[in-house]
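# Chain and residue survey
Each chain, written out:
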Amino acid sequence: MLHTACATSGPPSPTLLPQVGEGRGETVIVMPRNHITPEQIDAILPQTQCGLCSYGACMPYAEALVHSNAAINLCPPGGVNGLQIIANLVNEDPEPFMAEMAEKAKPKLLAVIREAECIGCTKCIQACPVDAILGSGKLMHTVIAAECTGCELCVAPCPVDCIDMITVNELNETEEKRKANMARERFNARQQRLNTVANEEKARPTIATTNLSNDNKKAFLQAALLRAQQKKIGS
Ligand code: SF4
Ligand code: SF4
Ligand code: SF4
């Protein structure tokens, strides 16, 4: 199999030299994909943020397509159309993957919570990559339909199995794009929030006595008390 990326006239520039590798018993010539950026690929990914590509989210898959020659057939929500667009961007032939992608392509899905059964545990909120679920502790939860990407990540964590995934109509191209852009923004905003919380946690001073035995803790506290008393006497 020959991956024929970067069709240019004349010899390839040094940065575009092909690498030779092994694949299923045949020699595979892989052209670098540095004619394209992750942002260009991310712009055409569906932004379901489902992780089915095994890269965790859409942008990491886009980065892997550019920098690590990831396979072009790893996004089931994109379906056959998405496969063809990716193939076109990276100058590869989608044909060998078309039948398999037709099989594994995902329809458009929407999560719906059977609210009467919801126990308000908030596990679905924690799992949702685009903050499309409303609710708080011990209160009924609901999905904001316009913001749900159908990623299914909320289903498994629900302890009472009260989330259904229903198939919904495909959107037209403009609507699809608008929804994907909104999902990207919501995903990024959530990541930023989670990073801020994690950094604040890291920066929080730890109690010095955490790893001390009870005897040592007592000694540590007595010494601190003594130092405080001495300081008071000295002032
Ligand atoms: S939609 Fe899912 S499978 Fe496709 S790139 Fe995004 S995270 Fe990966
Ligand atoms: S509500 Fe569920 S299916 Fe919809 S985006 Fe959030 S986690 Fe995914
Ligand atoms: S995980 Fe299930 S039970 Fe828990 S809040 Fe979400 S829908 Fe309700």
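Residues numbered from 1 in each chain as written. Chains lettered and ligands numbered in written order. Predicted model: local features only at pLDDT ≥ 70, side-chain atom pairs only at ≥ 80, totals over all residues.

### Quick notes on the pairing of strand S3 (residues 109–113)
Of the two faces of S3, the one holding Leu109, Ala111 and Ile113 is buried and the one holding Leu110 and Val112 is not buried anywhere. For S3 and strand S6 (residues 163–167), the ladder comprises five bridges, and the chain directions are antiparallel. In the sheet register, Val112 faces S6, and the bridge partner there is Asp164. (Buried ≥ 20, exposed ≤ 12 C-beta atoms within 10 Å, placed from the backbone. Helix = DSSP H or I, 4+ residues; strand = E, 2+ residues; numbered from the N terminus. Pairing = 2+ DSSP bridges.)

### As for the site of ligand 2
Looking at ligand 2, there are 14 residues lining it, with Ala111, Cys128, Cys148, Cys151 and Cys154 nearest. Of the residues belonging to the shell around ligand 2, the class tally is eleven nonpolar, two polar and one charged. (Near = placed C-beta within 6 Å. Nonpolar A, V, L, I, M, F, W, Y, C, P; charged D, E, K, R; others polar.)

### Overview of the nonpolar core
Core analysis: the biggest nonpolar cluster contains 34 residues, and Ile41, Tyr61, Ala62, Leu65, Ile86 and Cys154 have the highest contact counts within it. Of all the secondary structure elements, the ones that give two or more residues to this core are helix H2 (58–67), helix H3 (79–90), helix H4 (95–104), S3 and helix H6 (173–203). A total of six residues in this core trace back to one element, the largest contributor, which is H2. Structurally, this core is a two-domain feature, drawing no fewer than three residues from each of domain 1 (14–104) and domain 2 (108–203). (Core = buried A, V, L, I, M, F, W, Y, C linked by C-beta atoms within 7 Å. Domains from an automatic or database assignment.)

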